[in-house]
Amino acid sequence: MEPESALPSGEAAGGEHPLELFAVLDALVADGLLAADRAAALKAGRGTRGSGDRHPLALIAERNWPRADAPARALDLETLTGWLARRAGLPHQVIDPLKVDVTAITGVMSYAYARRWRILAVEAGSEAVVIATAQPWVRAWENELAHVLGRPIRRVVTSPAAIDRYLLEFYTLSRSVRRAEDAEREGRAAGVQNLEQLMELGRRGELDANDQHVINIVDWLLQYAFGQRASDIHLEPRREQGNVRFRIDGVLHTVYEIPAPVLAAVTSRIKILGRMDVAEKRRPQDGRIKTRSPDGAEVELRLSSLPTAFGEKLVLRIFDPGTLVQDYHELGFSGEEERAWRGLITQPHGIVLVTGPTGSGKTTTLYSTLKVLARPEVNVCTVEDPIEMVEPAFNQMQVHHAIGLDFAAGVRTLLRQDPDIIMVGEIRDRETAEMAVQAALTGHLVFSTLHTNDAVSAVTRLMEIGVPPYLINATLLGVLAQRLVRTLCPHCKEAVAVDETAWQSLVSPWKAELPERIHGPVGCLECRQTGYLGRTGVYELLRVTEGLKALIGPDCALKALRQQALRDGLRPLRLSGARKVARGETTVEEVLRVAPPSVL
């Protein structure tokens with residue numbers, strides 16, 4: 001018979017057995033995860049009942065001890081939680097907040113009840129309710145809750161830190177949404193049309209207490225997005241429920257559903273922060289917010305509103321200075337690509353173009369490049385629409401179409417500002433293209449973007465816009481086409497056999513050696529079970545050589561230009577992506593998803 005202080009084994013252990021530090025340490029030593037001398041040292045400094053209200057696993061995890069059976073790995077909290085789950089014979093669940101229906105799970109029990117037992121509903125289905133606990137042998141609440149709900153309870157083990165965090169986050173958010181919705185209903189009954197008017201009252205100093213709940217929702221939304229590495233936040237109104245979605249690593253995830261009136265109030269609150277016209281809902285607007293992430297880093301958000309059938313849709317694009325300006329290795333350049341790119345950007349004058357669709361990382365590439373070039377003796381000027389990120393090393397100008405300040409006018413003005421390097425946000429029309437060419441002809445290095453499928457198409461696009469071929473020959477130095485692919489999570493990726501058919505579809509019509517092995521996604525805590533963590537660039541760099549210049553004329557064919565570029569060393573986007581696949585950085589499917597087919 002086990003001593004009274006021993007840790008029970010299996011789910012069927014009778015009685016109530018709250019975890020005790022000494023019993024947990026003994027069990028870890030017995031199971032070979034913890035060295036006996038470390039357990040003894042911790043026992044010597046603690047009472048038999050642990051340390052106050054702190055969970056024994058948290059006390060052990062904060063030591064960051066190595067595992068006795070695998071010294072290269074630490075006994076972190078999730079490792080300890082997984083061990084505890086196996087000991088109890090229960091599933092170990094890592095809570096993914098993006099997959100939790102907050103409204104449903106907070107309706108299972110009150111916050112006071114959940115806090116009392118330190119349990120959290122993570123799934124509320126019609127057949128059963130899944131409850132997370134960090135005390136697998138404390139079950140006094142189980143029968144009582146099952147009786148009240150009229151559904152069976154299925155228990156899972158989750159880390160105590162996750163339970164404490166999400167208890168507060170989920171119930172605070174749910175309470176704020178519910179009270180904001182109640183306030184909206186009360187406002188309508190009292191003759192106030194919606195929470196937007198309450199917000200306006202608050203701005204004039206007649207603060208309504210319920211406004212605080214809308215503020216809480218906005219604060220939670222922003223901090224939550226920063227924590228999830230989101231690049232964009234979408235607030236989408238619908239007839240009854242509005243959707244909140246985050247774009248993470250290029251893919252949209254639904255985060256939360258908010259009642260339509262509350263979403264309208266949240267949108268109004270964000271518009272106020274972005275200095276937008278709250279009363280104007282009929283036309284699109286732009287705004288900007290500067291705030292801080294949970295770790296104190298400064299973050300800028302660019303706002304864009306759009307009138308839709310059910311109200312205003314608002315998109316917040318998140319610009320983190322740490323990710324907007326990176327070195328070339330972090331951007332995904334290979335050593336060969338970096339050397340070729342540096343050779344282009346260090347020319348004294350000419351035009352360098354970056355092409356790709358929206359969201360392909362063009363801005364990050366340009367800002368990172370300009371940051372490299374912006375030495376104290378160099379005057380770097382930009383004209384942008386809008387200014388993506390304020391950078392002290394540049395002189396940045398914002399386009400204002402309402403007063404006639406477009407890209408062409410901006411470049412014309414910058415030429416009188418003694419610039420060395422000019423960045424034009426985008427070449428959209430003939431006038432802007434002509435001004436960029438004029439700047440290059442007068443001894444300036446000009447950077448800009450175009451929307452084309454590949455690098456060679458930029459040449460014909462300039463001619464379609466109206467730039468004469470002889471001016472393209474005289475000014476264009478090179479074109480960088482790029483895409484962003486999701487990178488495999490380094491913590492869980494695994495080697496897989498190569499699908500020869502998929503590989504050939506990636507490299508066709510070119511010849512590329514079939515790798516022996518590639519890697520595929522698995523899913524773990526670090527990558528939120530997606531198998532992917534972060535993104536990297538895939539590049540196609542065209543250098544305008546003498547051979548290419550000889551073909552650029554009024555009647556030049558795109559196919560002939562492409563063939564000459566290939567002879568000059570151009571590597572198409574898919575071939576560049578295939579190299580990353582062979583190195584285990586991404587997958588064939590990812591490259592096929594974002595890169596256009598290679599053609600001769």
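Residues numbered from 1 in each chain as written. Predicted model: local features only at pLDDT ≥ 70, side-chain atom pairs only at ≥ 80, totals over all residues. Heavy atoms only, no water.

Colleague: Residues and numbers for the pattern of salt bridges, please.
Modeller: Applying the stated criterion across every chain yields a total of 39 salt bridges. Between Arg282 and Glu280 there is a salt bridge, and its shortest N-O distance comes to 3.2 Å. For Arg282, a relative accessible area of 72% puts it in the exposed group. Residue Glu280 is classed as buried on the basis of its relative accessible area of 11%. Linked by salt bridges that have partners in common, Arg288, Lys290, Glu298 and Glu300 make up one network. (Salt bridge = Lys/Arg side-chain N within 4 Å of Asp/Glu carboxyl O. Buried < 20%, exposed > 50% of the residue type's maximum accessible area, 1.4 Å probe, protein only.)

Colleague: So, the environment of Thr545: which residues are in play, and what are the values?
Modeller: With respect to the helices, strands and loops of the structure, Thr545 is situated in the loop between strand S18 (532-543) and helix H21 (546-551). On the basis of relative accessible area, Thr545 is assigned to the partly exposed category, the value being 22%. Taking the C-alpha atoms as reference points, Thr545 and Lys362, separated by 183 residues in sequence, lie 23 Å from one another. (Helix = DSSP H or I, 4+ residues; strand = E, 2+ residues; numbered from the N terminus.)

Colleague: Mind laying out the environment of Leu471, listing which residues take part and the relevant values?
Modeller: By secondary structure assignment, the location of Leu471 is in helix H19 (residues 469-475). Overall, the relative accessible area of 18% leaves Leu471 in the buried class. The sequence separation of Leu471 and Glu280 amounts to 191 residues, and the corresponding C-alpha distance is 45 Å. With near-sequence residues (within four places) excluded, Leu471 lies in contact with Val437 and Leu441. (Contact = heavy atoms within 4.5 Å.)

Colleague: Please give an account of the sheet that holds strand S3 (residues 153-157) that cites residues and values.
Modeller: Pairing within the open sheet is mixed, and its three strands lie in the order S1-S2-S3. Every interior strand has two partners, whereas the edge strands, strand S1 (119-124) and S3, have only one. Strand-to-strand twist of the sheet, defined as the mean angle between neighbouring strand axes without regard to direction, takes the value 30°. Relative to strand S2 (residues 129-133), S1 runs antiparallel, the two sharing five bridges. Residue pairing in the sheet places Glu123 in a bridge with Val130 of S2. Seen against the sheet, helix H7 (residues 140-149) touches S1, S2 and S3 and runs at an angle of roughly 135° to S3. (Pairing = 2+ DSSP bridges. Axes fitted to C-alpha atoms, helices over the stretch in contact; angles between N-to-C directions.)

Colleague: Explain the UniProt feature "domain: Bacterial type II secretion system protein E" (unreviewed entry) in the chain to me, and be specific about the residues and the numbers.
Modeller: The sites that UniProt annotates as "domain: Bacterial type II secretion system protein E" (unreviewed entry) are residues 415-429. With 0% helix and 27% strand, residues 415-429 has its two end C-alpha atoms placed 19 Å apart. (UniProt positions renumbered as here; feature names shortened; annotations may be inferred.)

Colleague: Which residues make up the sheet that holds S18, and what values go with them?
Modeller: Here seven strands make up an open sheet; going across it, the order is S12-S11-S13-S14-S10-S15-S18 and the pairing mixed. For this open sheet the edge positions go to strand S12 (395-398) and S18, each flanked by a neighbour on one side alone. Strand after strand, the sheet turns through a mean of 20° between neighbouring axes, direction not considered. Where strand S11 (residues 380-384) and strand S13 (residues 421-424) come together, four bridges link them in parallel fashion. Pairing of Val383 across the sheet is with Val424, part of S13. Helix-sheet contacts for helix H17 (residues 430-441) involve strand S10 (350-355), S13 and strand S14 (445-450), and the interaxial angle to S10 is about 135°. Strand contacts of helix H23 (residues 573-582): strand S15 (476-488) and S18, with the helix running at about 135° to S18, the strand carrying the most contacts.

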